[in-house]
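Here is what each chain is made of, one letter per residue.
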Amino acid sequence: MEDYLLNLPTVFIIGLVFGIGPCTITCLPYLGPVFLSKEGGVKDSWKIILPFSMGRMSSYTALGALSGYAGASIEDMIHTPMVAWMLGGATVAVGLLIFWRSYANQSACGSHGKRRNLQDNRFLPSGLFFMGVGMAATPCAPLATIMLTAAATASTYSGFLLGFSFGVGAVLVPALVFGIGMAYFGQRIREIMQVWRSVLERASACLLIILGVGTITG
């Protein structure tokens, strides 16, 4: 077991490299519309990044621990439709919430046309969390490598640490890219298209719903 624990820095680097390229690109269709529709800028981006990243971290860590406990057979679990249903369902739910919020905010406008900030975001963090869980559980070569390594340890503890180390590396770069870059870009887009704000929100919601349905149906 100790030999595998010595490889934790290597596993972190694997996750980091994965996060720099494929992971960031894969997250863009899911998180991009959320940032385009969300109020606030970089200072509020953690409200999106934190639950999404926590979902991914939870999934990577759990898969690593389960692989260490159950062996290589756990890898078959991530090829079941359940993962696609979770990711797709959570994406559709977030899209529907954004769509509803857009109409609710419009109907709550004051007499001077100012939009009121409705407290309707109670369910958004949980939707983003399960999006992150489903995203992390989607089969990919780096994750399969970590799971096989964890299975070879035959230790839940070692698998937990391997999954956690990979997860930290994998979420670090996307969190910075979306938390700073995409949040700033989304804020600028909303400012430029202020008169089309409702249209932008609903278009973002529709993109998420279409993406979620497409994920569910494969």
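Residues numbered from 1 in each chain as written. Predicted model: local features only at pLDDT ≥ 70, side-chain atom pairs only at ≥ 80, totals over all residues. Heavy atoms only, no water.

Undergrad: Please clarify how the overall build of the protein should be interpreted in this entry.
TA: From N to C terminus, the protein includes eight helices and zero strands. The helix and strand sequence of the protein, counted from the amino end, reads α-α-α-α-α-α-α-α. The burial tally for the protein puts 47% of its 218 residues in the buried class. Considering only intrachain contacts with a sequence separation of at least 6, the fraction spanning at least 24 residues in the protein is 86%. Carbon and sulfur atoms make up 72% of the accessible area of the protein, which amounts to about 10,800 Å² in all. (Helix = DSSP H or I, 4+ residues; strand = E, 2+ residues; numbered from the N terminus. Buried < 20%, exposed > 50% of the residue type's maximum accessible area, 1.4 Å probe, protein only. Contact = heavy atoms within 4.5 Å. Areas by Shrake-Rupley, 256 points an atom, 1.4 Å probe, with all protein chains shown as cover.)

Undergrad: Just to check I follow, could you spell out the pattern of salt bridges for this structure?
TA: Proximity of charged atoms lets side chains of opposite charge pair with each other. With the rule as written, the count across this model stands at one salt bridge. A salt bridge links D44 to K47; the shortest N-O distance between them is 3.9 Å. Residue classification places D44 among the buried positions, given a relative accessible area of 19%. (Salt bridge = Lys/Arg side-chain N within 4 Å of Asp/Glu carboxyl O.)

Undergrad: Hey, could you run me through the packing of aromatic side chains in this one?
TA: This structure, assessed with the given rule, holds four aromatic pairs. Taking 5.4 Å as the distance between ring centres and 85° as the angle between the ring planes, the aromatic pair formed by F129 and F130 counts as edge-to-face. For F129, a relative accessible area of 27% puts it in the partly exposed group. On the accessibility criterion, F130 (42% relative accessible area) is partly exposed. An angle of 5° between the planes, with centres 6.4 Å apart, marks the rings of F160 and F164 as stacked. (Phe/Tyr/Trp six-rings, centres within 6.5 Å; stacked < 30°, edge-to-face > 60°.)

Undergrad: Can you help me understand the nonpolar core in this one?
TA: One broad trend across soluble globular proteins is that nonpolar side chains are buried collectively. With 40 residues, the main nonpolar core has L31, F35 and L128 as its most contacted residues. Secondary structure elements with two or more residues in this core: α2 (8–37), α3 (46–70), α4 (81–107), α5 (124–137), α6 (141–153), α7 (156–192) and α8 (197–217). The element best represented in this core is α2, accounting for 10 residues. (Core = buried A, V, L, I, M, F, W, Y, C linked by side-chain atoms within 4.5 Å.)

Undergrad: Please clarify how the confidence of the model for the protein should be interpreted in this entry.
TA: Reading predicted coordinates in detail is not appropriate for stretches of low pLDDT. The predicted model of the protein has a mean per-residue pLDDT of 78, with 79% of residues at 70 or higher. Within the protein, the element-level pLDDT minimum falls on helix α1 (residues 2–5), averaging 54, and the maximum on α3, averaging 89. Between residues 110–120, whose pLDDT stays under 50, and residues either more than four places distant or in other chains, the model counts 16 contacts. (pLDDT = per-residue confidence, 0-100.)

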